[in-house]
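# Architecture and fold: a report
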Protein chains: 2
Amino acid sequence: MDEINGIAEKLAKDMKEISVAEFFEKNRHFLGYENPTRSLLTAVKEAIDNSLEFTCQANILPTIKVKVKEIEEGKYRVSVEDNGPGVIPEKVPHAFGRVLYGSAFHKLRQSRSLFGIGIKGACLYAQLTTGKPIKVVTSTGKKIHTFEIMIDVTKNEPIVISHKEEENPSHWHGLKVEYEVAGRYVKGEASIQEYIKRTAMVNPFAEIIFDGPDGKETFKRATEKMPVQPIEIKPHPYGVQLGVLRRMLTSTKARNLIGFLTKEFSRVGRNSALKICKLAKISPSKRPQEVDKDESERLYKAMQMVKLASPPTNCLSPVGEEDLILGLKKELKADHYVAVTRPPSVYSGFPFQVEVALAYGGELPPENAILIRFANRIPLLYHQGDCVITKAVKEVDWRRYGFSQSANSLPLGPLAILVHFVSVWVPFTSEGKQAIANYPEIFKEIKLALQDAGRELAKYIRKIKKMKEKELRRSIFERYLPVVAEAVGELTDKKAEEILNKLKNMIRGEKIEGSSEKA
Amino acid sequence: MDEINGIAEKLAKDMKEISVAEFFEKNRHFLGYENPTRSLLTAVKEAIDNSLEFTCQANILPTIKVKVKEIEEGKYRVSVEDNGPGVIPEKVPHAFGRVLYGSAFHKLRQSRSLFGIGIKGACLYAQLTTGKPIKVVTSTGKKIHTFEIMIDVTKNEPIVISHKEEENPSHWHGLKVEYEVAGRYVKGEASIQEYIKRTAMVNPFAEIIFDGPDGKETFKRATEKMPVQPIEIKPHPYGVQLGVLRRMLTSTKARNLIGFLTKEFSRVGRNSALKICKLAKISPSKRPQEVDKDESERLYKAMQMVKLASPPTNCLSPVGEEDLILGLKKELKADHYVAVTRPPSVYSGFPFQVEVALAYGGELPPENAILIRFANRIPLLYHQGDCVITKAVKEVDWRRYGFSQSANSLPLGPLAILVHFVSVWVPFTSEGKQAIANYPEIFKEIKLALQDAGRELAKYIRKIKKMKEKELRRSIFERYLPVVAEAVGELTDKKAEEILNKLKNMIRGEKIEGSSEKA
């Protein structure tokens, strides 16, 4: 017994707090730092995503300059500069030097940066692999501030290595981050170039200049029209868990339950609130802080039972069918393009929306279809096999739309399938944000969107097929025309030449008819 | 410009800290709480893993009582009780009510609990879905302490709802945790029962009593022999990143560099330490805290250049070939079993080891081989497609060992493939701990282990095949024996019966020879 107690004491002595920075430093592959190639991509990606998000929030047409330069073997200097609103100097240390710190986590609103981890992850990875601080240059149009920041990993706190202020006569505003990281630069499928190319597809209003080891490349704006700003919404009663409801009851400023329900939730009017209170058998004038455990459980159940409108969807900002096709056309040379933006839907109380665009024919390869996945306007390059988008694409019966497809596989090309998922909360399978989890509501909507687009494309394919068939018939017929004309001429005693011309005109008529025909 | 400044101010106002408890509450699917079925399994699993780990650390033969009871539709009460060392009362609140708190994270030693998240995740999920606190009953042999604990999610701090002490005349020691969670109970492949069955396979010294919705089932001990206790080791120089080295230099108690290198690392003796200092051009007597940035970079590089022995491997505790076969035999009825425990190897400076056991024939199905994955004696039931084990199994050419196999697929049975990966740091692909990341060193070792085991099994399969061929030849021959005997009798004028007997004896001799033959 004393021996057991000794062991328990010994075990207790070893127990201690783990800082979240330590946790992600050691588990950096959760964040996408799993090998040199992907690590370099992740370090670049996080800065670009941030820049796009904050320029968009400030309604500024983004111009983003990305530089990647090898400084010694296996080490790269990455810098990303934008023309966004900048970060006020007081916030710089925490915004770049503290893991789990940010503005989007607590908001219900489509955003590229959900976790408050991204750029800090790059900072962690930089100091781990090269020992160098992250350099941040920023201005809101007043002075220019330059910081060097590291993270105190055991405390998850920023360390400001240096900070200097400069005059800013040209009133520049924006943000430039620079870090040195271990990595490997590659071309091809999961490359930085491909990442930027795909980013440009669904952010056609952005200009991105990539100055990399292979030279400079500019991805030009395809439109000057900024996307609609998504608006923050309140949580919907159907999407709130009991534990969260209890926290909301404690922290609300509302003085009574009816105020709490109408102000803290979306789609709850006075009538619905009264109904909920009645069902829960609690007085609508009760102070939220005084609602006890049993009552909160009844309240929770009542909230699920009352019929309410779906949450508002102005929290979402899809690309739209027109811009999707614009984006695809810019990057893929095909014969035909179709796009479908589905109406918004809801999973676990979170509004979401699915868009699909298909490109067919042209220079696309005849092998497996190219699958291009996005979430909240960010390309997903890794973990394709683990993503609900892939699952949905494989489960659609593409043979209906004129494609070959083996069981549980992508259809065969020439086809590119672009799927864009937007939501106030993307259920990524991990912090690396490369695959979306398999929620049945999401799966269903993606499948429907693919089928809508597939049907649309099938019309074109059928039309093309019919035209080809007619063309074939005509060419065969034309080959025998002189013989036919000769024979008919002999039978009717008319000139073969004349008959031939008449026959030719007949065929041309059919051809015109064929090409104007709708499938 | 002023407008821009206004936006930057507004954005700044929204930035705030995100508690790690909030983070995992919202991203609970990272921890395995992604749907009701898996959530219930995860809640049970975390408690069992904990109980096994701490009874083993205390060198106690574990007896673990697991209860799962439906209390209303979609809600279950889970309780797991062990006979381990217990937790001292001072540590209970943090050990169960604070995410990222634990004893294993900072240690290099094979352990089931790596992250300091598991049981707190269950606590988070319980209070989120049912609003109920976790109940903890524990004793180290002295008094019995009963706690009810919740987590203050926004602060990531424990809230002790209640705490009472009782006398303990029988000197009971152990730990019992109990919580109520939303979930769904299922049978079959990814069920709680299957989880416990597989746990029993690689922990044959444990007794697990499962009292579930379908009745009580006892998984008995197959051995009373406890596994070898893994010993904590120091980090190996090859596995330390620059950023971590710098932290170690700052926090060490060693007074000079030579002391630092020999005491804080494994496999660095006085000679190697001197070599490292010489290569790095730093005096061995320099105080570690005084090593500057450039010097630490040189030191880091020098540490990678000096030839050192591989890290010690007593930090690992594989199951061993004998016990693996014992475990497989207990749960799968097959004709033949083979097992291979490979020698330890190293990835990123972390020692690891791979074991493979194969079961063949018997009651195993002739379809796709059954793949049974483990890491540090814990079964992995989800994300099979994402796991390096699966990748390695698919890339082995099983046709060499007598199996059918399509490209990039599991071989066809009757075959069960058990793979066990042990390491001081398992590179799981996510916090849910269900798949191992694809490190080339790990992939290679798993493949080698599979090939070793495959070759071993192939010998048996060839032998069986030969025996079957001989048996076939013999049976054909036997069928014609009377005719042959008759004919020979006529030719030699001897009695056919006599000849028949002689011939039969000849064949039996061959049969005996055949069955003792080695392939």
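In what follows, the accompanying structure is described.

### Comments concerning the relation of the copies chain B and chain A
- Superposing chain B onto chain A takes a rotation of 180 degrees combined with a translation of 0.1 Å along the rotation axis, leaving an RMSD of 0.2 Å. Considering both components of the superposition, the chain copies are consistent with a two-fold axis. Measuring from the rotation axis to each C-alpha of chain B, the shortest distance belongs to S430 of chain B, at 3.1 Å.
- The overlap is high: 100% of the interface residues of chain B also sit at the interface in chain A, so the same surface is used on both sides.

### Considering the pairing of strand β10 (residues 215-219) of chain B
Residue and element names in this part refer to chain B.
- Bridging between strand β9 (residues 207-212) and β10 involves five bridges; their strand directions are antiparallel. Note that in β10 the partner of I209 across the bridge is T218.
- What sits between β9 and β10 in their antiparallel hairpin is a turn of two residues.

### With respect to the packing of helix α7 (residues 242-251) of chain B against helix α8 (residues 257-264) of chain B
All names here are of chain B.
- Packing of α7 against α8 brings their axes to within 11 Å, and their N-to-C directions diverge by 115 degrees. The crossing of α7 and α8 is right-handed. Note on element contacts: α8 touches α7 through L257, F260 and E264, opposite L245, M248 and L249.
- Within the contact of α7 with α8, the residues separate by chemical class into five nonpolar, no polar and one charged.

### Digging into the pairing of strand β9 (residues 207-212) of chain A
- Here strand β2 (residues 63-72) of chain A runs beside β9 of chain A; their pairing, made up of five bridges, is parallel. Residue K67 of chain A lies in a different strand from β9 of chain A, and its bridge partner there is D211 of chain A.

### Points about the pattern of salt bridges
- For the structure on display, the rule yields 58 salt bridges over all chains.
- A salt bridge links E180 of chain B to R77 of chain B; the nearest nitrogen and oxygen atoms lie 3.4 Å apart. Of this pair, E180 of chain B sits in strand β8 (residues 173-182) while R77 of chain B sits in strand β3 (residues 75-82), placing them 103 residues apart in sequence.
- On the basis of relative accessible area, E180 of chain B is assigned to the buried category, the value being 15%.
- Taking the shortest distance from any N to any O, the salt bridge between D452 of chain B and R342 of chain B comes out at 3.1 Å. On the criterion of sequence distance, the pair formed by D452 of chain B in helix α13 (residues 440-492) and R342 of chain B in the loop between β11 (336-341) and β12 (345-347) is long-range, its members being 110 residues apart.
- Residue class for R342 of chain B comes out buried when judged on its relative accessible area of 15%.
- Counted as one network, the salt bridges with shared partners bring together K75, R77, K132, K176, E178 and E180 of chain A together with E297 of chain B.

Thresholds applied
- Numbers given for residues are sequential positions, taken from 1 along each chain in its written order.
- A letter from A marks each chain and a number from 1 marks each ligand, given out in the order of writing.
- Since the coordinates come from a predicted model, pLDDT governs what is reported: local features require at least 70, and pairs of side-chain atoms require 80 or more to be given and counted, while whole-chain, interface and lining totals use all residues.
- Side-chain metrics in this entry use all non-hydrogen atoms of the structure; hydrogen atoms and water are not considered.
- A least-squares superposition brings the copies together, and it is based on the C-alpha atoms of residues with pLDDT no lower than 70 in both.
- Note on contacts: a residue pair is in contact if any heavy atoms of the two residues lie within 4.5 Å.
- Only strands that DSSP links by at least two bridges are regarded as paired with each other.
- Secondary structure is summarised from DSSP: a helix means a run of H or I of at least four residues, a strand means a run of E of at least two, and numbering begins at the N terminus for each.
- The angle between two axes is taken between their N-to-C directions and runs from 0 to 180 degrees, where each axis is a line fitted to C-alpha atoms and a helix contributes only its stretch in contact.
- Note on convention: near helix rotated counterclockwise from far helix by under a right angle means a left-handed crossing. Clockwise means right-handed.
- Throughout this entry, Asp, Glu, Lys and Arg are counted as charged residues, while Ala, Val, Leu, Ile, Met, Phe, Trp, Tyr, Cys and Pro are counted as nonpolar. The remaining residues, Gly among them, count as polar.
- In the sections that follow, a salt bridge refers to a side-chain nitrogen of Lys or Arg positioned within 4 Å of a carboxyl oxygen of Asp or Glu.
- Summary of the burial criterion: residues with accessible area below 20% of their type's maximum are buried, those above 50% are exposed, and those between are partly exposed, where the area comes from a 1.4 Å probe applied to protein chains only.

Distances and angles like these do not, on their own, reveal function.
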